[in-house]
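Notes for the structure review
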Amino acid sequence: METSVIPRHADTVVIGGGTAGAAVAGLLAERGDRSVLLLEAGPDYGHLREGRWPSDLLDGRVLASSHDWSLTSAAANGQPDHALQRAKVIGGCSAHNGCIVIWGSRLDYDGWAAAGNDGWSTAEVLPYFARAAARLCTREFAPEEMTPFHGACLEAMVCSGIPRSLDLNDLDEDAGAAIAPINIRNGVRWSTAFAYLDPVRDRGALTVVGDALVDKVNLRHSNAVSVDIIHEAEQLTIEADQVFLCAGAYGSPAVLLRSGIGPADESHKTGIRPQIDLPGVGRNLHDHPGIAMLHYGTPLLKSLMEEHVAAGKTVFTEQSLAKARSSHCGEAFDLHIAPLTAPAPAADGRWLCEMYVANMAPQSRGRLSLRDTDPQSSPMIDTGYFTDPEDHDLAVLADGVALTREIASQPAFAELIGQELAVTAGMVTAEDVRRNGLHYYHPVGACKMGPASDSSAVVDPAGRVHGVEGLYVVDASIMPTIPRANTNLPTLMLAERIVAEPN
């Protein structure tokens, strides 16, 4: 898009066209009563029917990685400097992810409400979950779609004591294993770009601008009035009557901090003039810490997978999933076990299999901070893995590692995946787990939602930034605590609910 066609004013500017931002912009544009300008730092490939989308972003079989922000972990624990994958493209991580649609536990959202977030109890958010799931064309895998790897792993989970689940999204179920629901439509990863933007792209209310990096939001007397962006190496200011910040769990706090909205003492250190003193910006950052254990499939798995493919069937990286309880679990469940396989064999014909386990209810918290004022610089991202004082998170994940290895050792499954590879089999102590932890692709919390009485809160229960008029944050960064779920659908639930409210 040429710079000259970017409107210099919009009734509503939406910053970030990822999972939440595409949904917010699409839902607002559907109303038709205001102009909506959506700014995305990555490329916009237009309507699906135009045929310009890269194949890896459409392929629902496997996670994509071609449009990444190249962020890395600054956490003291876990694998040093490991990648924190986030998608830099319209549709965001919904255009990159494994297409698993999980809701979490009743305790997650009732917990948000109990913390002073009126309107966010499970009973109140269920309609918005349903809307989001319908938009994503959520469906179940047919039995014949199950790969030999995932089918055998599911049976091994049950043999290890995890009950078979009839519905992994039963919010009252404390443990269960099943094939997960997905948002893949005719083989295409059905991202929010297709679900929310394509239906309104031809309407006059919506303008989408790709490759537009947002620097900051400008305030006048505590009112959000404009947005500074960089587009085609040019700095532009776009006036707005209201601004929805949807730059993601890492991007949204960074934009606020560059705007002078955050801890005043930290603003001074970076040379940014403080505008609104909100100590909670950048704090409360957390993710599900996890561990990956690797196997190379045996000749038997190779044969079975080849038969599966020869029959015209698809190999999906993600299918089977288990909710489980560690010995430290006090309520609901605190573990996910997510087996993954490559979509195709390696050059030597072997299939790489990964047994991933994650702590779904971490107590540790980290923080995000700026390195400098340059919007093109990556922030410092410390997800705070395993920093809770009692090492509860570490103990939970160590239990999860043991349970995952028990699943992998079930005879019918073990004869398919063989022995764990030496590179991960050496993890035997809790300290090994501490040193090898990874993320589960689910960062949340650095713009925490809460009432004004909560000094650590950044936005109120309607997504409005405390102390600022006309500025909302709507994405996973506002989740006060992380759900026991893959966060794509909970993030869309947030967008559906907040946009449904008067604003």
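As the structure is a computational prediction, the values presented were derived from the model and not from experiment.

What counts, and where the lines are drawn
Residues numbered from 1 in each chain as written. Predicted model: local features only at pLDDT ≥ 70, side-chain atom pairs only at ≥ 80, totals over all residues. Heavy atoms only, no water. Salt bridge = Lys/Arg side-chain N within 4 Å of Asp/Glu carboxyl O. Buried < 20%, exposed > 50% of the residue type's maximum accessible area, 1.4 Å probe, protein only. Helix = DSSP H or I, 4+ residues; strand = E, 2+ residues; numbered from the N terminus. Contact = heavy atoms within 4.5 Å. Axes fitted to C-alpha atoms, helices over the stretch in contact; angles between N-to-C directions. Parallel < 35°, antiparallel > 145°, perpendicular 65-115°, else oblique. Pairing = 2+ DSSP bridges. Expected span 1.5 Å × (residues − 1). Core = buried A, V, L, I, M, F, W, Y, C linked by side-chain atoms within 4.5 Å. Phe/Tyr/Trp six-rings, centres within 6.5 Å; stacked < 30°, edge-to-face > 60°. Lys NZ or Arg CZ within 6 Å of the ring centre and 35° of its normal.

1. Section: the pattern of salt bridges
Under the criterion given, the structure shown has 23 salt bridges. The shortest N-O distance in the salt bridge between Glu50 and Arg52 comes to 3.1 Å. Using a relative accessible area of 44% as the deciding quantity, one classes Glu50 as partly exposed. Of the charged contacts in the structure, one is a salt bridge between Arg367 and Glu266, with a shortest N-O distance of 2.0 Å. With Arg367 in strand S17 (residues 366–369) and Glu266 in helix H8 (residues 264–270), this residue pair connects regions lying 101 residues apart in the sequence.

2. Description of the side chain of Ser191
Tracing the sequence through the fold places Ser191 in the loop between strand S5 (188–189) and helix H6 (192–197). The exposure class assigned to Ser191 is buried, which follows from its relative accessible area of 1%. Dropping the residues within four chain positions of it, Ser191 is found in contact with Ser94, Ala95 and Leu136.

3. With respect to the packing of helix H3 (residues 106–114) against helix H4 (residues 122–135)
Remark: H3 packs on H4, axes separated minimally by 9 Å, with the N-to-C direction vectors making an angle of 120°. Taken together, the axes of H3 and H4 lie oblique to each other. Mapping the contact onto sequence places Arg106, Tyr109 and Asp110 in H3 and Thr122, Val125 and Phe129 in H4.

4. Focus on the sheet that holds strand S12 (residues 283–285)
Spatially, the three strands line up as an open sheet ordered S12-S17-S18, and their pairing is antiparallel. A single partner strand is all that each edge strand has here, and the edge strands are S12 and strand S18 (380–382). Recorded for the sheet is a direction-independent mean angle of 35° between the axes of neighbouring strands. The pairing of S12 with S17 spans two bridges and is classified as antiparallel. Paired with Arg283 across the two strands is Arg367, which belongs to S17. Running over the sheet, helix H7 (residues 248–258) touches S12, S17 and S18 and is turned about 50° from S17.

5. Focus: helix H10 (residues 392–408)
In a regular helix each residue adds 1.5 Å, so 17 residues correspond to 24 Å; H10 covers 25 Å between its end C-alpha atoms and thus fits that length. Of the positions making up H10, those classed as buried are Asp393, Leu394, Val396, Leu397, Gly400, Val401, Leu403, Thr404, Ile407 and Ala408.

6. Observations regarding helix H14 (residues 488–500)
With 13 residues, H14 ought to run about 18 Å at 1.5 Å a step, and its terminal C-alpha atoms sit 19 Å apart, in line with that. Taking burial as the measure, the 13 residues of H14 include 12 buried ones, the bulk of the element. Taken together, the buried positions of H14 are occupied by Asn488, Leu489, Pro490, Thr491, Leu492, Met493, Leu494, Ala495, Glu496, Arg497, Ile498 and Val499. Turning to H14, the residues buried within the fold contact helix H1 (19–31), H3, H4, H6 and strand S19 (471–473).

7. Remarks on the pairing of strand S3 (residues 176–179)
Side chains of S3 alternate between two faces, with Gly176 and Ala178 and Ala177 and Ile179 buried alike. Across four bridges, S3 lies against strand S14 (residues 320–324) in antiparallel orientation. Opposite Gly176, over in S14, you have Lys323 as the bridge partner.

8. With respect to the nonpolar core
Here is a general trend for soluble globular proteins: nonpolar side chains tend to be buried in one another's company. Counting residues in hydrophobic clusters, the biggest one holds 159 residues, and the most contacted among them are Leu39, Ile407 and Leu471. Ignoring anything within four residues of it in the chain, the contact list for Leu471 reads Val217, Ala224, Val243, Leu245, Leu256, Ile261, Gly463, Arg464 and Val465.

9. Points about the packing of aromatic side chains
Per the stated rule, a full pass over the model turns up 12 aromatic pairs. On the numbers, 5.3 Å between centres and 65° between planes, the contact of Tyr109 with Phe129 is edge-to-face. With Tyr109 in helix H3 and Phe129 in helix H4, this residue pair connects regions lying 20 residues apart in the sequence. The buried category is assigned to Tyr109, whose relative accessible area is 0%. For Phe129, a relative accessible area of 0% corresponds to the buried category. Aromatic side chains Trp190 and Phe194 sit 5.4 Å apart centroid to centroid with 50° between the ring planes, which places their arrangement in the tilted category. For the pair shown, Trp190 and Phe194 are each scored as buried. Among the aromatic side chains, those forming a connected cluster through ring pairs are Trp103, Tyr109, Trp112, Trp120 and Phe129. Directly above the ring of Trp69 sits Lys88, whose terminal nitrogen or CZ lies 4.5 Å from the centroid.

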